[in-house]
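Analysis of the macromolecular model
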Amino acid sequence: MKGKKEDIIIKPRTENQYNAIRSSADFVVLTGNTGGGKSIALYYAPIDYLVKNPGAKIVCFMRNVSDFWGAGKVADTIKQIYPLVDRAVKRQPRDPIGEIIRNQVDMGVKFYNGSEIKFQQLDNESRSVIDKIAKALQSKRFIFDEANKFLWETITTFQTRLRADSIGNAQIYLAQNPERNCPLRTLCGNGEHGGGWIAEDGTPIKDMDGKVMYFFMHNGKVEETYFGRTKEEVYLKCKNIIDKLLEKDNDMTYEDFILSMAFFTFDARDNKVMLAKNKRYRGLTANSATAKSSYENNWNYSIDDEDEEEEESTPTELRPEHIENMFRMPAQEEYIRKTEKITVDMAFMGTDNMVLMHWIGFHCDDIDFMEKNTFEQAVNRIIFFMSKHNCNKSQLIIDVQGDAAITDVFDLYKKAGGVGNDNPYGQYGFAFSGAVSATGKSKMNFERFKDEAAYLGINMIKCGLITFDPSLKNKRYTHQKLKREGATTICKQMIFESKAFIFEKTPTGRIHCLPKEKQHYSLKGLSPDLIDNIIMRCGVAYSVCYEALAKLTGHSKMKFDANDILNYINMKPEQNMIKDAQTQNKITLNSENILNIFSNL
């Protein structure tokens with residue numbers, strides 16, 4: 001009949017979209033090249049849940065507010081799917097089922113049954129900010145669009161808010177284009193900590209598309225994730241860990257602690273609706289600078305690759321000459337401190353190296369490392385290294401990484417940092433934990449103790465206070481993830497690792513170092529295992545000593561090499577590099593105090 005209104009049918013466009021929105025997995029990963037239709041699937045998926053649960057809320061996270069609005073952004077995608085009122089435009093749909101809300105305090109979509117999709121910006125991922133946002137949210141569905149822009153720690157933090165009185169499973173949807181430098185490349189790859197959806201060459205494995213895999217993620221860490229085709233297979237891989245959890249919650253089974261993940265790849269070739277109106281779209285993407293991702297679906301591609309030729313111009317704290325300058329015997333005047341320490345950057349059952357260093361003061365004379373070791377092997381290697389240098393447990397500084405077992409084995413004091421001298425805990429060694437708050441007044445300046453220790457360590461390197469035996473410079477160093485043929489050297493690896501140490505200021509004005517995950521990305525999947533030992537060694541020396549040196553030379557920050565200061569004090573004019581008269585006067589006036597600080601370092 002003329003003028004009769006037809007019902008609007010909302011439905012998926014492709015079979016893969018249909019399969020993805022019906023997935024009941026705890027984590028649903030939607031990926032693929034541009035134009036494949038993953039965004040349609042991502043924002044179509046919530047409708048069944050919202051229809052069945054009037055008043056329910058789904059939260060969509062994006063990095064920036066601008067990602068929600070504008071041509072082709074989130075709001076436009078949602079309006080393609082649902083008839084929604086949008087007061088920013090003149091033309092409105094017939095029979096709308098909801099409304100777009102552009103108020104920055106309450107952004108999103110409100111449906112007329114009382115349910116909503118809330119838009120949440122996450123441009124600050126500091127722990128305190130994320131915790132505050134998370135505590136204000138509660139839902140059974142979270143969406144992370146462009147998931148590669150978020151820290152994995154941020155995503156897993158919101159897992160604790162997946163609860164509500166509504167009907168349906170709790171789920172997290174993750175959507176992004178293929179990208180090498182992100183957590184999903186590891187979690188969805190076919191490596192030790194992956195579910196096996198992506199092949200070594202970066203291409204999605206067709207037979208695995210849509211398949212559900214099960215996993216357990218210890219403490220939310222990607223490098224401690226165990227995958228399997230069944231929950232039982234996962235349980236057998238990490239039985240010791242899960243059994244400890246069952247001791248606390250004996251009303252649960254191991255299956256309750258194991259989660260599921262499904263991976264779906266969307267290809268523009270399958271999006272017939274889009275191609276009918278944009279036949280040459282694939283030709284355009286094949287000619288683009290991002291063709292490996294937008295056309296080929298290659299997970300070994302990274303948007304950062306285009307900047308690799310410019311890496312040398314990237315502002316970093318350390319330069320190669322700073323690292324090379326460390327490999328020298330300290331001058332007799334510098335070699336005052338005789339305190340012996342052994343630092344250990346722990347690693348087992350993962351891809352990082354375990355690195356051990358022996359120190360006399362701030363001079364390292366021996367380095368040892370292990371690849372692919374078990375916990376037992378790690379403990380035995382530490383004991384051997386202690387025996388080699390005739391050291392005891394009180395001289396250990398170990399990065400415990402939250403592992404209580406290593407703390408108990410070596411009687412480590414469960415606190416990081418120093419309190420005025422180098423061995424305040426008597427018979428106990430140090431359990432270095434970078435996640436705790438900074439020391440004393442430094443809490444006002446640094447996000448965490450790790451940031452404070454890193455800042456102190458990097459600046460002590462730059463000032464020439466850290467030295468290594470010259471024989472260690474060309475010592476062979478291997479790592480299972482090294483892409484170079486054969487091995488590298490200690491010096492070269494340190495120069496490579498130094499790229500990961502960049503300091504920024506948070507919105508609150510505190511200093512923080514590049515987070516662990518971003519360090520992994522900048523180092524192509526490796527960790528700064530060697531330099532982390534230096535940071536541990538410096539971290540247990542009270543930072544006030546360093547600050548005092550700066551003040552005694554008349555500056556707010558240390559500006560001179562330790563050799564230069566000592567040369568001036570010892571009246572060696574031919575070697576004097578300090579020309580500023582005011583600084584010279586300050587050093588002369590405070591020479592005794594300066595020498596005392598050097599001796600206490």
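Residues numbered from 1 in each chain as written. Predicted model: local features only at pLDDT ≥ 70, side-chain atom pairs only at ≥ 80, totals over all residues. Heavy atoms only, no water.

1. Regarding the side chain of asparagine 298
Threshold: Helix and strand labels come from DSSP, where a helix needs a run of H or I of at least four residues and a strand needs a run of E of at least two; each type is numbered from the N terminus. For every residue, the accessible area obtained with a 1.4 Å probe (protein chains only) is divided by the maximum for its type, and the residue is called buried under 20%, exposed over 50%, and partly exposed between those limits. We call two residues in contact whenever any of their non-hydrogen atoms come within 4.5 Å of each other.
With respect to the helices and strands, asparagine 298 occurs in the loop between α12 (291–294) and α13 (320–326). Residue asparagine 298 is classed as buried on the basis of its relative accessible area of 15%. If near-sequence neighbours (up to four positions away) are discounted, asparagine 298 is found in contact with Pro178, Asp201, Gly202, Lys292 and Ser293.

2. Observations regarding the sheet that holds strand β2 (residues 57–62)
The cut-off we apply is this: One bridge is not enough; two strands pair if DSSP finds at least two bridges between them.
With respect to topology, 11 strands assemble into an open sheet ordered β3-β4-β5-β6-β2-β7-β8-β1-β11-β9-β10, the strand pairing being mixed. Single-partner strands in this sheet number two, and they are β3 (84–85) and β10 (225–228). Relative to strand β11 (residues 259–266), strand β1 (residues 27–32) runs parallel, the two sharing 6 bridges. Each residue of the ladder has a partner; that of valine 28, found in β11, is alanine 262.

3. Brief notes about the side chain of serine 115
Mapped onto the secondary structure, serine 115 falls in the loop between β5 (108–111) and β6 (116–121). We classify serine 115 as buried; its relative accessible area is 1%. Each residue touching serine 115, except ones within four places of it in the same chain, is listed here: Leu50, Asn53, Gly55, Ala56, Val109 and Lys110.

4. Observations regarding the environment of arginine 229
If you trace the backbone, arginine 229 turns up in the loop between β10 and α8 (231–237). The class of arginine 229 is exposed, set by a relative accessible area of 54%. Contact partners of arginine 229, with chain neighbours within four places excluded, come to Met208, Met213 and Tyr214.

5. What to know about unusual backbone geometry
Positive phi outside glycine occurs at aspartate 95, with the angle close to 45°. Here aspartate 95 shows up in the loop between β3 and β4 (98–101). Look at aspartate 95 and you get partly exposed, because its relative accessible area is 47%. Backbone geometry places glutamate 146, a non-glycine residue, at a positive phi of 55°. Along the chain, glutamate 146 falls in the loop between β7 (141–145) and α6 (152–157).

6. Digging into the pairing of β7
Within a regular strand, side chains alternate between the sheet's two faces. Definition in use: With strands facing away from the observer, any crossover in which the path from the first strand over the helix to the second runs clockwise is taken as right-handed.
Burial analysis of β7 places 5 of its 5 residues in the buried class, which makes it a mostly covered element. Going residue by residue along β7, you find Arg141, Ile143 and Asp145 tucked away on one face and Phe142 and Phe144 tucked away on the opposite face as well. Note: β2 against β7, 3 bridges, orientation parallel. Of the residues in β7, the one forming a bridge with valine 59 is phenylalanine 142. Crossover β7 to strand β8 (residues 171–176) through α6 is right-handed.

7. Observations regarding a negative patch on the surface
Spelled out, the test is: Surface patches are drawn from residues lacking salt bridges whose relative accessible area is over 30%; two like charges belong together within 9 Å, two nonpolar side chains (Val, Leu, Ile, Met, Phe, Trp, Tyr) within 5 Å. Here, Shrake-Rupley sampling with a 1.4 Å probe gives the accessible areas, and only protein chains in the shown set may cover a residue. Any carboxyl oxygen of Asp or Glu within 4 Å of a side-chain nitrogen of Lys or Arg constitutes a salt bridge here. All tallies of charge rest on Lys and Arg as positive and Asp and Glu as negative; His and the ends of each chain are not included. Think of each charge as sitting on NZ of Lys, CZ of Arg, CG of Asp or CD of Glu.
Residues Glu232, Asp249, Asp251, Glu255 and Asp256 make up a contiguous surface patch of negative charge. Within the secondary structure, aspartate 256 is located in the loop between α9 (239–248) and β11.

8. Details of the packing of helix α16 (residues 449–462) against helix α19 (residues 529–539)
Let me state the cut-off plainly: Lines fitted to the C-alpha atoms define the axes, with helices restricted to the stretch that makes contact. Angles between their N-to-C directions range from 0 to 180 degrees. The scheme is simple: roughly parallel for angles under 35 degrees, roughly antiparallel for over 145, roughly perpendicular for 65 to 115, oblique for anything else. Only Asp, Glu, Lys and Arg are considered charged in this grouping, and only Ala, Val, Leu, Ile, Met, Phe, Trp, Tyr, Cys and Pro are considered nonpolar; every other residue, Gly among them, is considered polar.
Interaxial distance between α16 and α19 falls to 8 Å at its minimum, and their mutual angle equals 100°. Taken together, the axes of α16 and α19 are roughly perpendicular relative to one another. Here Phe449, Lys450, Ala453, Ala454, Leu456, Gly457, Ile458, Met460 and Ile461 of α16 come into contact with α19, specifically with Ile531, Asp532, Ile534, Ile535, Cys538 and Gly539. In terms of residue class, the contact of α16 with α19 is built from 11 nonpolar, 2 polar and 2 charged.

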